[in-house]
Amino acid sequence: DTAADSVTVSDVHLCCGKCVRAIDAVVEAVDGAESHTAENKASSFTVTGKGFQPSAILAALRAEGMNGTVK
(Lines give C-alpha, C1' and ligand atoms only; values in the text may rest on other atoms or scores of the structure.)
Protein backbone atom coordinates (compact mmCIF):
# COMPACT_ATOMS: atom_id res chain seq x y z
CA ASP A 1 0.00 0.00 0.00
CA THR A 2 1.73 3.15 -1.22
CA ALA A 3 1.13 6.39 0.68
CA ALA A 4 -1.02 8.89 -1.20
CA ASP A 5 -1.88 12.57 -1.05
CA SER A 6 -5.18 12.12 -2.89
CA VAL A 7 -7.51 9.20 -3.66
CA THR A 8 -10.90 8.97 -5.30
CA VAL A 9 -13.42 6.75 -3.54
CA SER A 10 -16.32 5.44 -5.60
CA ASP A 11 -19.21 3.01 -5.13
CA VAL A 12 -20.09 4.67 -1.82
CA HIS A 13 -23.64 5.09 -0.54
CA LEU A 14 -24.13 8.84 0.10
CA CYS A 15 -27.91 9.14 0.31
CA CYS A 16 -28.15 11.77 3.03
CA GLY A 17 -26.35 14.16 5.35
CA LYS A 18 -25.77 11.37 7.86
CA CYS A 19 -23.80 9.44 5.23
CA VAL A 20 -21.72 12.52 4.41
CA ARG A 21 -21.03 13.08 8.12
CA ALA A 22 -19.81 9.48 8.32
CA ILE A 23 -17.19 10.44 5.72
CA ASP A 24 -16.09 13.24 8.09
CA ALA A 25 -15.41 10.53 10.67
CA VAL A 26 -13.50 8.46 8.10
CA VAL A 27 -11.17 11.36 7.28
CA GLU A 28 -10.65 12.14 10.97
CA ALA A 29 -9.76 8.48 11.66
CA VAL A 30 -6.99 8.24 9.05
CA ASP A 31 -3.56 9.68 9.84
CA GLY A 32 -2.56 12.08 7.09
CA ALA A 33 -6.04 12.48 5.60
CA GLU A 34 -7.20 16.08 5.85
CA SER A 35 -10.33 16.74 3.79
CA HIS A 36 -12.93 15.27 1.44
CA THR A 37 -15.34 16.34 -1.27
CA ALA A 38 -18.25 14.02 -0.35
CA GLU A 39 -21.68 15.51 -1.01
CA ASN A 40 -25.23 14.25 -0.61
CA LYS A 41 -26.25 12.01 -3.56
CA ALA A 42 -22.69 11.88 -5.00
CA SER A 43 -21.40 8.61 -6.43
CA SER A 44 -17.76 9.32 -5.59
CA PHE A 45 -15.58 11.71 -3.64
CA THR A 46 -11.92 12.60 -3.19
CA VAL A 47 -9.92 12.44 0.02
CA THR A 48 -6.83 14.66 0.19
CA GLY A 49 -4.04 15.00 2.71
CA LYS A 50 -0.38 14.16 3.13
CA GLY A 51 0.98 10.63 2.96
CA PHE A 52 -2.03 8.56 4.06
CA GLN A 53 -2.68 4.91 3.26
CA PRO A 54 -5.53 4.27 0.79
CA SER A 55 -6.23 0.97 2.56
CA ALA A 56 -6.76 2.93 5.79
CA ILE A 57 -9.54 4.89 4.05
CA LEU A 58 -11.28 1.62 3.13
CA ALA A 59 -10.83 0.24 6.67
CA ALA A 60 -12.27 3.44 8.16
CA LEU A 61 -15.23 3.24 5.73
CA ARG A 62 -15.95 -0.32 6.88
CA ALA A 63 -15.71 0.80 10.52
CA GLU A 64 -18.49 3.30 9.73
CA GLY A 65 -20.59 0.53 8.13
CA MET A 66 -19.89 1.67 4.58
CA ASN A 67 -18.13 0.20 1.55
CA GLY A 68 -16.30 1.74 -1.35
CA THR A 69 -13.60 1.35 -3.96
CA VAL A 70 -10.37 3.35 -4.05
CA LYS A 71 -8.98 4.32 -7.44
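Residues numbered from 1 in each chain as written. Predicted model: local features only at pLDDT ≥ 70, side-chain atom pairs only at ≥ 80, totals over all residues. Heavy atoms only, no water.

Undergrad: When you look at the overall build of the protein in this model, what are you seeing that I'm missing?
TA: Secondary structure summary: the protein contains two helices and four strands in total. Its helices and strands in sequence order give the protein the pattern β-α-β-β-α-β, from N to C terminus. What you see for the protein is a C-alpha radius of gyration of 11 Å, in line with the 11 Å of a compact globule of 71 residues. Burial statistics for the protein: of 71 residues in total, 34% are counted as buried. Nonlocal contacts in the protein, meaning residues at least 24 apart in sequence, comprise 66% of its contacts between residues at least 6 apart. Charge centroids of the protein, computed over 6 positive and 9 negative side chains, lie 8 Å from each other. (Helix = DSSP H or I, 4+ residues; strand = E, 2+ residues; numbered from the N terminus. Rg over C-alpha atoms; globule rule 2.2 N^0.38 Å. Buried < 20%, exposed > 50% of the residue type's maximum accessible area, 1.4 Å probe, protein only. Contact = heavy atoms within 4.5 Å. Lys, Arg positive; Asp, Glu negative; His and termini not counted. Charge placed at Lys NZ, Arg CZ, Asp CG, Glu CD.)

Undergrad: Would you mind showing me how to read helix α1 (residues 17-29) here?
TA: Every α-helix winds through 3.6 residues per turn, so residues three or four apart in the chain are directed the same way. With 13 residues, α1 extends 19 Å from end C-alpha to end C-alpha; this agrees with the ideal 18 Å at 1.5 Å per step. All of the buried residues in α1 are Cys19, Val20, Ala22, Ile23, Val26 and Val27. Here the buried residues of α1 occupy an arc of 150° about the axis, which is enough to place them on one side. Seen from the buried face of α1, the exposed residues on the opposite side, beyond 90 degrees, are Lys18, Arg21, Glu28 and Ala29. Looking at the buried positions of α1, the neighbouring elements they touch are β2 (33-36), β3 (44-52) and α2 (54-63). (Expected span 1.5 Å × (residues − 1). Arc of directions from axis to C-beta.)

Undergrad: Could you clarify how one ought to interpret α2 in this entry?
TA: Within α2 the residues assigned to the buried category are Pro54, Ile57, Ala60 and Leu61. Buried residues of α2 fall within an arc of 115° about the axis and therefore sit on the same side. With respect to the buried face of α2, the exposed residues turned more than 90 degrees away are Arg62 and Ala63. Tucked inside the fold, the buried residues of α2 contact β1 (4-10), α1, β2, β3 and β4 (69-70). Immediately beyond the C-terminal end of α2, within one or two residues, lies Gly65, with a positive phi of roughly 80°.

Undergrad: Please explain the sheet that holds β2 as it appears in this structure.
TA: The strands making up a sheet associate through hydrogen bonds between their backbones, and the pairing can be parallel or antiparallel. Here we have four strands laid out as an open sheet, ordered β2-β3-β1-β4, and antiparallel in their pairing. Looking at which strands have only one partner, the edges of the open sheet turn out to be β2 and β4. Bridge count between β2 and β3: three bridges; the pairing is antiparallel. Residue Ala33 lies in a different strand from β3, and its bridge partner there is Gly49. Here α1 sits on the sheet and contacts β2 and β3; the angle it forms with β2, its principal contact strand, is near 165°. Across the sheet, α2 touches β1, β2, β3 and β4, and the angle it forms with β1 is around 40°. (Pairing = 2+ DSSP bridges. Axes fitted to C-alpha atoms, helices over the stretch in contact; angles between N-to-C directions.)

From the geometry alone we can't say anything about function, so treat these as descriptive.
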